[in-house]
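For reference, the chains in residue letters:
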Amino acid sequence: MRAKKAALRGGTGRSSQKQGEKVGKKNSMRRKVTRTGMLEKLKKSVPVSENREGERARTRQCVRCGLCLAACPLSGAWPPAGEVATPRGKVAMLQGFLAGELVPDTFFAAEFWQRCTLCRACETACPVGVPVAELVVGARRWLLEQGKVPATAAGALRSLRLYGNPWRRPPAERHAWAALLGLKDYARGARAETLLYLGCLAAYDPRAQRAARALAQLLLAAGVDFAVLGAAEVCCGREAYSLGEEGLFVWLAEKNLELWRRHGVRRVVTFSPHCYDAFKNLYPPWGEVWHYSDFLAPLVENGRLRFAPGPSRRVAYHDPCHLGRHNGVYEAPRALLRQLPGVTLVEVGAEYGPGVCCEAGGGRMWLPAPAGSRSPAHDLLRRAAALGAEVVAVACPFCLVSLDGAVQTGQGDLPAVTELAELLWGALAR
Ligand code: SF4
Ligand code: SF4
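Residues numbered from 1 in each chain as written. Chains lettered and ligands numbered in written order. Predicted model: local features only at pLDDT ≥ 70, side-chain atom pairs only at ≥ 80, totals over all residues.

Draft legend 1. Spotlight on the overall build of the protein. When helices and strands are tallied, the protein shows 19 helices and nine strands. Split into buried and exposed, the 430 residues of the protein put 50% on the buried side. (Helix = DSSP H or I, 4+ residues; strand = E, 2+ residues; numbered from the N terminus. Buried ≥ 20, exposed ≤ 12 C-beta atoms within 10 Å, placed from the backbone.)

Draft legend 2. Spatial organisation of the site of ligand 2. If you check the shell around ligand 2, you find 15 residues, and the closest are C62, C65, C68, R88 and C126. Looking at the shell around ligand 2, the element that brings in the most residues is helix α5 (residues 87-98), giving three residues. Class assignment for the residues of the shell around ligand 2 results in 12 nonpolar, one polar and two charged. (Near = placed C-beta within 6 Å. Nonpolar A, V, L, I, M, F, W, Y, C, P; charged D, E, K, R; others polar.)

Draft legend 3. Quick peek at unusual backbone geometry. The peptide bond linking P79 to P80 adopts the cis configuration, its omega dihedral lying at -5 degrees. If you trace the backbone, P80 turns up in the loop between α4 (52-60) and α5. Phi angles above zero are rare outside glycine, and R120 is one such case at about 70 degrees. Structurally, R120 can be placed in the loop between α6 (106-114) and α7 (121-125). Exposure remark for R120: the 24 C-beta atoms within 10 Å place this residue in the buried category. The phi dihedral of L180 is positive, around 75 degrees, even though this residue is not glycine. Mapped onto the elements, L180 comes out in the loop between α9 (151-163) and β1 (184-185). By C-beta crowding, L180 is classed as exposed, having 6 other C-beta atoms within 10 Å.

Draft legend 4. Broad picture of the packing of helix α17 (residues 376-386) against helix α18 (residues 397-409). Viewed as axis vectors pointing N to C, α17 and α18 meet at an angle of 75 degrees, and their least axial separation amounts to 9 Å. In terms of their interaxial angle, α17 and α18 are classed as roughly perpendicular. Across from A377, H378, L380 and L381 in α17, the residues of α18 making contact are S402, L403, A406 and V407. Residue classes in the contact of α17 with α18 are distributed as six nonpolar, two polar and no charged. (Axes fitted to C-alpha atoms, helices over the stretch in contact; angles between N-to-C directions. Parallel < 35°, antiparallel > 145°, perpendicular 65-115°, else oblique. Contact = placed C-beta atoms within 7 Å.)

Draft legend 5. Local environment of the site of ligand 1. By nearness alone, 16 residues border ligand 1, and C72, P87, C116, C119 and C122 come closest of all. Looking at the shell around ligand 1, the elements that each hand over two or more residues are α5, α7 and α8 (132-145). Here the shell around ligand 1 takes three residues from α8, the largest share from any one element.

Draft legend 6. Region of interest: the sheet that holds strand β9 (residues 416-419). Strands sit in the order β7-β6-β8-β9 across an open sheet of four strands; the sheet is parallel. Of all strands in the sheet, those with a lone pairing partner are β7 (343-347) and β9, marking the two edges. On average, each strand axis in the sheet is inclined to that of its neighbour by 35 degrees, with strand direction left out of account. One ladder, built from three bridges, connects strand β6 (residues 313-317) with strand β8 (residues 391-394); its direction is parallel. Following the sheet pairing, A316 is matched in β8 by V392. Here α18 sits on the sheet in contact with β8 and β9, set at roughly 165 degrees to β9. Together, β8 and β9 form the strand contacts of helix α19 (residues 420-427), whose direction differs from that of β9 by roughly 80 degrees. (Pairing = 2+ DSSP bridges.)

Draft legend 7. Expanded view of the sheet that holds strand β4 (residues 267-270). In spatial order, the strands read β1-β3-β2-β4-β5; together these five strands make up an open sheet with parallel pairing. Strand pairing shows two members of the sheet lacking a second neighbour, β1 and β5 (288-291), which therefore form its edges. In this structure, β4 lies alongside β5, joined through four bridges in parallel fashion. Counted as the bridge partner of V269 is W290 from β5.

Draft legend 8. Summary view of α17. Burial in α17 covers these residues: P376, A377, L380, L381 and A384. With its buried residues spanning 140 degrees around the axis, α17 presents them on a single face. Turning to α17, the residues buried within the fold contact β6, β8 and α18. (Arc of directions from axis to C-beta.)

Draft legend 9. Focus on the packing of α4 against α5. Running from N to C, α4 and α5 cross one another at 140 degrees; their axes reach a closest spacing of 9 Å. As far as their axial angle goes, α5 and α4 are oblique. Every pair of crossing elements has a handedness; the one defined by α4 and α5 is left-handed. Where α4 abuts α5, its residues R52, E55, R56 and T59 lie against V91, L94, Q95 and L98. (Left-handed = near helix turned anticlockwise from the far one by under 90°.)

Draft legend 10. Representation of the nonpolar core in the model. If you look at the biggest cluster of nonpolar residues, it comprises 134 residues, and the most contacted ones within it are L195, V394 and L403. If one sorts the elements of this core by residue count, α8 sits on top with nine residues. Two domains each put at least three residues into this core: domain 1 (43-149) and domain 2 (157-299). Among all residues touching V394, those that are not within four sequence positions of it are H318, P320, C399, L400, L403, V417, E419 and L420. (Core = buried A, V, L, I, M, F, W, Y, C linked by C-beta atoms within 7 Å. Domains from an automatic or database assignment.)

If you want it as structure tokens, here you go:
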């Protein structure tokens, strides 16, 4: 992932017909979206810096049982290890800060910026439901307001404001991934109820672009009537939110919602779980929102996509944090893999309940780990290799870029990393 990051900086059981009928009925439920409405929703769902009493109450939920300690992929990844580096340590630090007993210093800032991917593994282990990831976002929001933000993250946020993507890439190049595919483009006057929303990583990263092309071709092969926003697409804002920039998130969300409204979008299918999470959980309600794995599963079940016999392979599926733990989508990607002739599914993170973090989420794409740190991505690949997996399949461009980069920098015989859409497209009966 680290090499990829540098390169980027430089440069559900329903058929689509039934979905259409459903959306028609749901249309009347669509709400007029206002900035105030979105901010109200955000205030209900996350601790904001003005809501100190709310944050205090959340930190006081912690009974210090320690069940989260082993779950965190970053606790022992670099020194100092020990209590401060754990989820419980973060909650305690925040408690001390909110009580006025702890002065936030550089060390405090580094722990909240760097040592968390918002993976929610700790929350899965927590018996009393401490919302550790949202507390971390709240701390980042406060740090940002104080100007205590790492330069790399500040650069990504600035780029989002200027270019609508975090890598200072020209918006005009955003649609280059789809050259020659002949996709319907709303920006060129196309009409369609279903929007395929790519997201920034798939739009600009060459590795993720390959997977995006595979997904678009699968949708075409299944006869789905969809369009893309092309060069007009802007970031969903999820990573701005993760980096504590609530105002920027709302600004980007308003831009997206305006585009959807203008083009009559009723159904959004996302490539990235990060965009899916933003649209589903942070945006106001809007028609239907699907991650592509959930959208494709019934199309395969109904025979609209069929697969040819293929070689025997042991494939480990890696649950992306923003798809699994954040949204509970575990079965659809596995159901799709089970449909592929020759594939034996291997569970790589079951004991982690479920899923191991790839380390790229929660804004970590712009918050590099210290040199020489242990990489959770390498841990995951070694775990898959030990289970005899020849391939690790992911359903997320962040996981793809992170794990693919880890294969290139890792040692020993590591499995290949592939996006689920690529596996499906490669196996399609033609
Ligand atoms: S959200 Fe993930 S990375 Fe952050 S403290 Fe919890 S387990 Fe660790
Ligand atoms: S598992 Fe929950 S209650 Fe226990 S120490 Fe961790 S955050 Fe606190």
